[in-house]
Amino acid sequence: SEKWVLMVTARTPTNIAVIKYWGKRDEKLILPINDSISVTLDPNHLCTTTTVSVSPSFVEDRMWLNGKEISLQGGRFQSCLREIRARANDVEDEKKGIKIKKEDWQKLHLQIASYNNFPTAAGLASSAAGFACLVFSLAKLMNLKEDNSQLSAIARQGSGSACRSLYGGFVKWIMGKEENGSDSLAVQLADEKHWDDLVIIIAVVSARQKETSSTSGMRDTVETSALIKHRAKEVVPKRIIEMETAIKNRDFASFTRLACTDSNQFHAVCLDTYPPIFYMNDTSHRIISCVEKWNRSEETPQVAYTFDAGPNAVMIARDRKTAALLLQRLLYNFPPKSDTDLDSYVIGDKSILQ
Ligand code: PMV
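Keep in mind it's a predicted model, so treat the numbers as computed, not measured.

Cut-offs and rules
Per chain, residues are indexed from 1 in the order of the written sequence. Restriction of local features to residues with pLDDT of at least 70 applies here, the model being predicted, together with a cutoff of 80 or more for giving and counting side-chain atom pairs; totals for whole chains, interfaces and linings are based on all residues. Side-chain figures throughout are based on the complete set of non-hydrogen atoms in the structure, without hydrogens or water. Secondary structure elements follow DSSP: runs of H or I of four or more residues count as helices, runs of E of two or more count as strands, with numbering from the N terminus. Using C-alpha atoms as the atom set, the radius of gyration is obtained and then compared with a globule rule of 2.2 Å times the number of residues to the power 0.38. Per-residue accessibility, obtained with a 1.4 Å probe over protein chains only, is compared with the maximum for each type, and a residue is labelled buried under 20%, exposed over 50%, and partly exposed between these values. Think of it this way: DSSP has to see at least two bridges between two strands before they count as a pair. Axis angles are defined between N-to-C directions and span 0 to 180 degrees, where every axis is a line fitted to C-alpha atoms and, for a helix, only to the segment in contact. In this text, near means that some heavy atom of the residue lies within 4 Å of the molecule or strand in question. Residues adjacent in sequence count toward polar contacts only when both atoms are side-chain atoms; beyond that, a polar contact is any pair of N or O atoms within 3.5 Å, and within protein one must be able to donate a hydrogen and the other to accept it. Per-residue accessibility takes into account occlusion by the displayed protein chains alone, with areas from the Shrake-Rupley method and a 1.4 Å probe. Residue ranges for the domains trace back to a domain assignment, done automatically or taken from a database. Here, the term nonpolar core denotes a set of buried Ala, Val, Leu, Ile, Met, Phe, Trp, Tyr and Cys residues that are joined through side-chain atoms within 4.5 Å. Should any heavy atoms of two residues lie within 4.5 Å, those residues are considered in contact. Aromatic contacts are taken between Phe, Tyr and Trp rings whose centres are within 6.5 Å, Trp giving its six-membered ring; a plane angle under 30 degrees counts as stacked, one over 60 as edge-to-face, and the others as tilted. As used here, buried area is the combined drop in accessible area, with a 1.4 Å probe, of two parts when they are placed together. Any carboxyl oxygen of Asp or Glu that lies within 4 Å of a side-chain nitrogen of Lys or Arg is treated as forming a salt bridge with it. Expected helix span is given by 1.5 Å per residue-to-residue step, counting one fewer step than there are residues.

Quick look at the overall build of the protein now. Secondary structure summary: the protein contains 8 helices and 17 strands in total. A compact globule built from 354 residues would reach a C-alpha radius of gyration of about 20 Å, and the protein, at 21 Å, matches this within 12%. Taking the principal axes of the C-alpha coordinates as reference, the protein spans close to 70 × 40 × 40 Å. Classification of the 354 residues of the protein by burial places 53% in the buried group.

So this is what it looks like as structure tokens:
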């Protein structure tokens, strides 16, 4: 019968880099110029849910994002689909009487429906969760034998930061040495239970979509910034080692110093790009000042901050009590919808807990 449909649904959270990836050495394969480290959010917040399905009655590959059809013709989707199909295996569902041979996957077509549980336009990294979820669900559907690290090297070709969302907890994207990118993949540094005191609070400073895409921003930076060379060669390799130690020892003071200085250097590199790239705005800067002032008034840092390619603040509080105080301070200093353009807060309760 040609009537059957086989489907798989998966859910993947986004991740936030605490040592940033910025700059590619190969644009097509998406190979970075430095290692990076991230924390994967709780899957109950900021995640993508994707259902992939296959049926002999489908006549072409199609995809819907938040209910709206999108094109799969882009190079990044095509790379992911090609890499996964090349590794597909036999699939048998005895109950449904379905038998798919390895080679059938080259001819069978897919339908993919993906939803973000947060506004895609909010300027919060959605491609990371999206491509990780797409690759993971397709790998399950096609019975791939590869482990999550090997799958991360496929997700990387959809969006660089996506490779880090194949694992929970703390994750390192190793830049790799190979020209074909086979060793540019993600490994888990610590699982989600390792440091579960941490709470992540995201302040949505502006829900507008970022003006400079990460792809064109990175290209301009690599072509024009002198600072990025120093960063990639001298600064990040040392920070990666220090950050790994800080995570291992749950050393919040070192974690905060490394995450904050790395975010600030990333934005300095953006300013050093010509023409300059401004991702943070006045509100972002005021949030940094507020957190820095607080940290300095205490014996030891209470909150780390980091900003990606947009003005939204990601803050990591050392524990739940501090997170409650942080929220109070934010609401007091940045009342939503009044003198600032702070729209809302997204609170990642128990952030990195599953
Ligand atoms: O993977 P992309 O192209 O969305 O780039 C992500 C870049 C940053 O978010 C700014 C840093 C990072 O490591 O995630």
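Right, let's talk about the sheet that holds strand 7 (residues 62–65) for a bit. Read from one edge of the open sheet, 5 strands run 1-6-11-7-8, paired in mixed fashion. Each of the sheet's edge strands pairs with one partner strand only, and the pair in question is strand 1 (6–13) and strand 8 (68–70). Across the sheet, the mean angle separating the axes of adjacent strands is 20° when strand polarity is ignored. Here strand 6 (residues 47–55) runs beside strand 11 (residues 109–116); their pairing, made up of 8 bridges, is antiparallel. Within strand 11, the residue paired with V52 across the bridge is I112.

The pairing of strands in a sheet happens through backbone hydrogen bonds and is either parallel or antiparallel. Pairing is antiparallel across the open sheet formed by 4 strands, whose spatial order is 2-5-12-13. On the outer flanks of this sheet lie strand 2 (15–19) and strand 13 (185–190), each paired with one strand and no other. Ignoring which end each strand starts from, the neighbouring axes of this sheet average 35° apart. Both strand 2 and strand 5 (residues 36–40) contribute to a ladder of 4 bridges, which runs antiparallel. Residue pairing in the sheet places A17 in a bridge with S38 of strand 5.

To continue, consider the site of the ligand. Taken together, 14 residues are adjacent to the ligand, and Y21, S159, S161, R164 and S214 come closest. A distance of 2.7 Å separates an oxygen atom of the ligand from a polar side-chain atom of S161. Between an oxygen atom of the ligand and a side-chain N or O atom of S214, the distance comes to 2.8 Å. Here the ligand has 380 Å² of accessible area as a free molecule, and 93% of this is covered by the chains. When residues are assigned to domains, the shell around the ligand turns out to be shared by domain 1 (6–190) and domain 2 (199–348), each giving three or more.

Core analysis: the largest hydrophobic core is formed by 47 residues, its most contacted members being M243, F255 and M315. Both domains that furnish three or more residues to this core are identified here as domain 1 (6–190) and domain 2 (199–348). When neighbours within four sequence positions are excluded, M243 is seen to be in contact with V18, I19, I37, F255, L258 and A259. If you look at the next biggest cluster of nonpolar residues, it comprises 32 residues, including W4, L81, A132 and L141.

A few words on the packing of aromatic side chains. This model, assessed by the stated rule, comprises 11 aromatic pairs. Where F170 meets W195, the ring centres are 6.0 Å apart and the plane angle is 40°; that geometry is what we call tilted. With a gap of 25 residues between them, F170 in strand 12 (residues 170–174) and W195 in the loop between strand 13 and strand 14 (199–204) connect regions that are remote in the sequence. The buried category is assigned to F170, whose relative accessible area is 0%. Judged by its relative accessible area of 4%, W195 is buried. The rings of F170, W195, F252 and F255 are connected pair by pair, giving a single aromatic cluster.

Another point: the side chain of Q302. As for its placement among the helices and strands, Q302 is situated in the loop between helix 7 (282–297) and strand 15 (303–306). Note on Q302: relative accessible area 12%, which makes it buried. When sequence neighbours within four positions are dropped, the list of residues in contact with Q302 reads F252, W294, N295, I316, A317, R318 and T322.

Glancing now at the domain arrangement of the protein. Examined at the domain level, the protein breaks down into domain 1 (6–190) and domain 2 (199–348). Each of domain 1 and domain 2 was reduced to a C-alpha centroid, and the two centroids are 26 Å apart. Residue-level contacts link 29 residues of domain 1 with 42 residues of domain 2. The contact between domain 1 and domain 2 buries some 2,800 Å² in all, and 71% of this surface belongs to carbon and sulfur atoms. Broken down residue by residue, the surface that domain 1 buries against domain 2 is led by I19, K20 and W22, which jointly contribute 29%. Connecting domain 1 to domain 2 are 3 salt bridges. Note that E244 is salt-bridged to K172, the shortest N-O span being 2.8 Å. Remark: the boundary between domain 1 and domain 2 carries 9 residue pairs in polar contact (both at pLDDT 80 or more). Of all elements in the fold, only strand 2, strand 5, strand 12 and strand 13 reach the threshold of two or more residues within the side of domain 1 that touches domain 2. The element contributing the most residues to the side of domain 1 that touches domain 2 is strand 2, with 4 residues.

A rise of 1.5 Å per residue sets the reference length of helix 6 (residues 252–271), with its 20 residues, at 28 Å; its end C-alpha atoms lie 28 Å apart and thus fit the reference within 8%. Among the 20 residues that make up helix 6, 14 are buried, leaving the element largely enclosed by the rest of the structure. Its side-chain oxygen 3.3 Å from the backbone nitrogen of A253, D251 forms the N-cap of helix 6.

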